[in-house]
Amino acid sequence: MTFFGLHFQDIVFYTLAIILLFAALSVITTRNPVYAALYLVLAFFTAAGIWLLLEAEFLAIALVLVYVGAVMVLFLFVVMMLDINLDKLREGFWNALPIALPIGGLMAVEMVMIVGVRNFGADKVLEPAAHPADYSNTAELGRVLYTDYLLAFELASVVLLVAIVAAIALTLRDRKESKFIDPAMQVSVKKSDRIRILKMDAVVEENAETLSNVAENAKEGK
Amino acid sequence: MEWLANLFGSYWPAVALTGWTLIKIVAIVAPLMGAIAYLTLAERKVIGYMQVRIGPNRVGYFGLLQPLADGIKLLFKEIVLPTASNKTLFLLGPVLAIAPAFAAWAVIPFDMNMVLADLDAGLIYILAMTSVAVYGVIIAGWASNSKYAFLGSLRSAAQIVSYEIAMGFALVGVLMCANSLNLGKIVMGQVGGFWHWYFLPLFPLFIVYFISAVAETNRAPFDVAEGESEIVAGFHVEYSGMAFAVFFLAEYANIILVSTLAALMFLGGWLSPLPFIQDSFLWLLVKVGFLLFLFLWFRATFPRYRYDQIMRLGWKVFIPITIVWIVFIGGMMQTPWARFFH
């Protein structure tokens, strides 16, 4: 099925690609850091859409789940709480430009050399065959991860684990002024810890008479 | 039909598919809106009777038209835009809150083969959608440019991100038992009477999932994001009229969603409790209704948690419990008793 000579997939792809490029450019050009973070969220969403076109639904949803649902939430959290002075950030722009421009150019050239048309052109990479309807990208990915690439996968997870432990070890400090409450102590509190019951002899009040006078006066409304 | 097909010519299959899908979406969303409306009434009635009051009884019999009256009132109210707010994001907030709450329903199966999108990665699709819902709250709180709203949104964001982990791990247990991420296949894995339902082998995960669900939806006793006594109404303090109502629609849509998920994954979905009784959509309704009643019951019973206690419960109690139980299930599946865990 074609619309004006374009396949439906092409239309979806170009729409998503335009939005993706716009969002990615906005991330670095917009002045407000909160807007930048939100544009990055949009970029992730459209990238997930392009992955869906590749029949990689697990990766697409995982991208939304991990990057949009967790990483960017924490990002926004921090960006919103920091009062970033943009003018100060832009101060060094012209000073850094002579060094930054060649480095940026070099990176661009490297990327074109590797992912350019010469290696990934339409004649080099064949169009992937469409899979049958019962093909499950999720199951396929799981099978490959836990058979062919088991060692690499497990190594990556160990690296991540080390990073988690290191991050906690670096930031965890025992703060002396913290009013930390131990819930186990709270729960195990007994009546005897808090209340002291005294035994006292019954004593007749000396001013019992005046008290009854007060009560009577109150009754009469004085 | 015939003239429609002629009108669109070669585009007819695509147009017909789009139209048919739209009809199916309306068939899901319209009853859902009704359920949301009457859940608010049920909440007021149930909590009323638990507190020895009557609850709303003026509009219609037993107050049955109360949700309609509330809806009309909110529709006609003015939406006030605070002067110092960020207008675009202020109006985007409610939209971002309600869109994922409804989008998640796309993969929910209501009966055998009665599902809008039979997605193989349905379970993580739902996890992704519920985790995206937090943006509505964060953006609303930030765009309001108000201290109370901002505090509320920060609390909510931290809470949702924390409980998502426990919730995700609880779902890992389910997919280990079912060997699938497809919600329909998860239900069909529980065929054969209530002793085959996953809430028995996964009992700790069921409890963790349901309590995390209460926390994810910012409901009492975990409703510090609203915390009337401390921060007025939290993230939606600056909202009025329909913009405010949209946040409430999203909250109740999420409550019904997590209850439906719990019914599908742990209580056998549309399957009947005894094998000789017929399976039906009505069973799903009964189970979801019971779980929704629990939500209301919690609200009428428990005092609000303190914020640090919420964090402790999520990180230091629920996550360790889920990890231990996942390892336990994994171990048991290698033993002769593995059939109890499938």
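As the structure is a computational prediction, the values presented were derived from the model and not from experiment.

## Here's the deal with the confidence of the model for chain B
1) Next: Averaged over all residues, the pLDDT of chain B equals 85, while 98% of them reach at least 70.
2) Next: Scored as a complex, the prediction yields pTM 0.82 and ipTM 0.81.

## Re empty space enclosed by the protein
Residues and elements named next belong to chain B.
1) Next: Applying the stated criterion across every chain, the model contains three cavities of 30 Å³ or more.
2) Next: Computed from the structure, the largest cavity encloses a volume of approximately 250 Å³.
3) Next: Lining the largest cavity are 17 residues, and of these A133, V137, E216, N218 and N254 lie nearest its centre.
4) Next: Those elements giving two or more residues to the lining of the largest cavity turn out to be α6 (134-143), α7 (147-178) and α11 (241-266).
5) Next: Of all the elements, α11 adds the most residues to the lining of the largest cavity, at five residues.
6) Next: Looking at the second largest cavity, its volume works out to about 40 Å³.

## Digging into a nonpolar patch on the surface
Residues and elements named next belong to chain B.
1) Next: Where nonpolar side chains cluster on the molecular surface, the patch consists of Y38, Y61, F62, L64, L65, L68, I72, L75 and F76 and spans about 1,100 Å² of accessible area.
2) Next: By residue number, the principal contributor to the nonpolar patch is helix α3 (residues 66-76), which donates four residues.
3) Next: Within the element layout of this structure, L65 appears in the loop between α2 (12-50) and α3.
4) Next: The exposure class assigned to L65 is partly exposed, which follows from its relative accessible area of 42%.

## Some remarks on α3 of chain B
Residues and elements named next belong to chain B.
1) Next: Of all the positions in α3, only Q66, P67 and L74 are classed as buried. Around the axis of α3, the buried residues are gathered within 100° of arc, so they sit on the same side. Across α3 from its buried face, at more than 90 degrees, point the exposed residues L68, L75 and F76.
2) Next: Among the structural elements, α2 and α11 are those in contact with the buried residues of α3.

## Re unusual backbone geometry
1) Next: The phi dihedral of V52 of chain B is positive, around 55°, even though this residue is not glycine.
2) Next: Along the chain, the position of V52 of chain B falls in the loop between α2 and α3.

## Section: the interface of chain B and chain A
Size of an interface, as often reported, equals the accessible area lost when the parts are brought together.
1) Next: Facing 28 residues of chain B, the contacting portion of chain A comprises 30 residues.
2) Next: Buried area between chain B and chain A, summed over both chains or domains, comes out near 2,400 Å², and the portion from carbon and sulfur atoms is 78%.
3) Next: On the chain B side of the interface with chain A, the three residues burying the most area are Y11, Y135 and W142 of chain B, jointly 23% of the side's total.
4) Next: Counting every contact that joins chain B to chain A gives zero salt bridges.
5) Next: Between chain B and chain A we count two residue pairs in polar contact (both at pLDDT 80 or more) in total.

## Concerning the packing of helix α3 (residues 57-81) of chain A against helix α5 (residues 122-132) of chain B
1) Next: Close contact between α3 of chain A and α5 of chain B brings their axes to 9 Å; oriented N to C, the two are set at 25°. The angle between α3 of chain A and α5 of chain B places the two elements in the roughly parallel class. Two packed elements cross with a definite hand, and for α3 of chain A against α5 of chain B that hand is left-handed. Mapping the contact onto sequence places F58, I61, A62, V64, L65, V68 and G69 of chain A in α3 of chain A and I124, Y125, L127, A128, S131 and V132 of chain B in α5 of chain B.
2) Next: In terms of residue class, the contact of α3 of chain A with α5 of chain B is made up of 11 nonpolar, two polar and no charged.

## Some details on the pattern of salt bridges
All names here are of chain B.
1) Next: One pass over the structure, following the stated rule, counts seven salt bridges over all chains.
2) Next: Ionic pairing is found between E43 and R219, a salt bridge with its closest N-O pair at 2.5 Å. Of the two residues, E43 sits in helix α2 while R219 sits in the loop between α9 (203-216) and α10 (228-231), which places them 176 residues apart along the sequence.
3) Next: Taking relative accessible area as the criterion, E43 reaches 4% and is therefore assigned buried.
4) Next: Since its relative accessible area comes to 4%, R219 is described here as buried.
5) Next: One salt bridge connects E251 with R219, and the closest N-O pair in it is separated by 3.2 Å. Here E251, found in helix α11, pairs with R219, found in the loop between α9 and α10; they are 32 residues apart in sequence, far enough to count as distant.
6) Next: A relative accessible area of 10% places E251 in the buried class.

Cut-offs and rules
- Residues numbered from 1 in each chain as written.
- Chains lettered and ligands numbered in written order.
- Predicted model: local features only at pLDDT ≥ 70, side-chain atom pairs only at ≥ 80, totals over all residues.
- Heavy atoms only, no water.
- pLDDT = per-residue confidence, 0-100.
- 1 Å grid on protein atoms, 1.4 Å probe; cavity = no way out; pocket = protein on both sides within 12 Å on 5 of 7 lines; lining within 4 Å.
- Points joined across faces, edges and corners; volume = space filled by probe spheres on them.
- Helix = DSSP H or I, 4+ residues; strand = E, 2+ residues; numbered from the N terminus.
- Patch = residues over 30% accessible without salt bridge, like charges linked within 9 Å, V, L, I, M, F, W, Y side chains within 5 Å.
- Areas by Shrake-Rupley, 256 points an atom, 1.4 Å probe, with all protein chains shown as cover.
- Salt bridge = Lys/Arg side-chain N within 4 Å of Asp/Glu carboxyl O.
- Buried < 20%, exposed > 50% of the residue type's maximum accessible area, 1.4 Å probe, protein only.
- Arc of directions from axis to C-beta.
- Contact = heavy atoms within 4.5 Å.
- Buried area = accessible area lost by both parts, 1.4 Å probe.
- Polar contact = N/O pair within 3.5 Å; in protein donor to acceptor, adjacent residues only side chain to side chain.
- Axes fitted to C-alpha atoms, helices over the stretch in contact; angles between N-to-C directions.
- Parallel < 35°, antiparallel > 145°, perpendicular 65-115°, else oblique.
- Left-handed = near helix turned anticlockwise from the far one by under 90°.
- Nonpolar A, V, L, I, M, F, W, Y, C, P; charged D, E, K, R; others polar.

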